[in-house]
Amino acid sequence: AAARLPRGSRTDAGCAMLASFLLVLVISPTDVVRARLYSQPTGVDGAPRLYRGPLHCAWRIVAAEGVQGLFKGVVASWMRVGP
């Protein structure tokens, strides 16, 4: 038989905090790439200067900062959503 979690508000709060943390971990790389794409400088012709698209942006972030660069702001995002 599978073990069951005890019922109550502590279990509910713990599960909600865990779910929000996992959500932030999944969404954070997309948020970082989106923010970098939106804030990149453009040339006189309006063409982007730094990134050709989302995958190129993610590749350059990982190359320059490592994988942890995709997770910048995770704690702040979790504090906004989680507790």
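Right, let's walk through the structure included here. Here the structure is a predicted model, which means the values were calculated and not measured.

Let's talk about the overall build of the protein chain
1) Next: On a plain count of helices and strands, the protein chain comes out with three helices and zero strands.
2) Next: Tracing the protein chain from N to C terminus, the helices and strands come up as α-α-α.
3) Next: Here the C-alpha radius of gyration of the protein chain, 18 Å, is well above what a compact globule of 83 residues would show, namely 12 Å.
4) Next: Along the longest, intermediate and shortest principal axes, the C-alpha atoms of the protein chain span 65 × 25 × 20 Å.
5) Next: Burial statistics for the protein chain: of 83 residues in total, 23% are counted as buried.
6) Next: For the protein chain, the proportion of contacts with a sequence separation of at least 24, taken over those separated by at least 6, is 51%.
7) Next: With an accessible surface of roughly 6,400 Å², the protein chain has 64% of that area assigned to carbon and sulfur atoms.

Overview of the packing of helix H1 (residues 9-39) against helix H3 (residues 74-81)
1) Next: Following both chains from N to C, one finds H1 and H3 inclined at 140 degrees, their axes separated by 9 Å at the closest point. Comparing their axes, H3 and H1 come out oblique. Every pair of crossing elements has a handedness; the one defined by H1 and H3 is right-handed. Residues Met17, Ser20, Phe21, Leu23, Val24, Leu25 and Ser28 of H1 lie in contact with H3, whose contacting residues are Val74, Ser77, Trp78 and Val81.
2) Next: By residue class, the composition of the contact of H1 with H3 is eight nonpolar, three polar and no charged.

With respect to the nonpolar core
1) Next: Judged by nonpolar contacts, Val32, Val33, Tyr51, Cys57, Ile61 and Leu70 together constitute the single largest core of six residues.
2) Next: Counting only elements with at least two residues in this core, the list comes to H1 and helix H2 (54-65).
3) Next: Every residue in contact with Cys57, bar those within four places of it in the chain, is listed here: Val33, Arg36, Leu37 and Tyr51.

Rules used in this analysis
Residues numbered from 1 in each chain as written. Predicted model: local features only at pLDDT ≥ 70, side-chain atom pairs only at ≥ 80, totals over all residues. Heavy atoms only, no water. Helix = DSSP H or I, 4+ residues; strand = E, 2+ residues; numbered from the N terminus. Rg over C-alpha atoms; globule rule 2.2 N^0.38 Å. Buried < 20%, exposed > 50% of the residue type's maximum accessible area, 1.4 Å probe, protein only. Contact = heavy atoms within 4.5 Å. Areas by Shrake-Rupley, 256 points an atom, 1.4 Å probe, with all protein chains shown as cover. Axes fitted to C-alpha atoms, helices over the stretch in contact; angles between N-to-C directions. Parallel < 35°, antiparallel > 145°, perpendicular 65-115°, else oblique. Left-handed = near helix turned anticlockwise from the far one by under 90°. Nonpolar A, V, L, I, M, F, W, Y, C, P; charged D, E, K, R; others polar. Core = buried A, V, L, I, M, F, W, Y, C linked by side-chain atoms within 4.5 Å.

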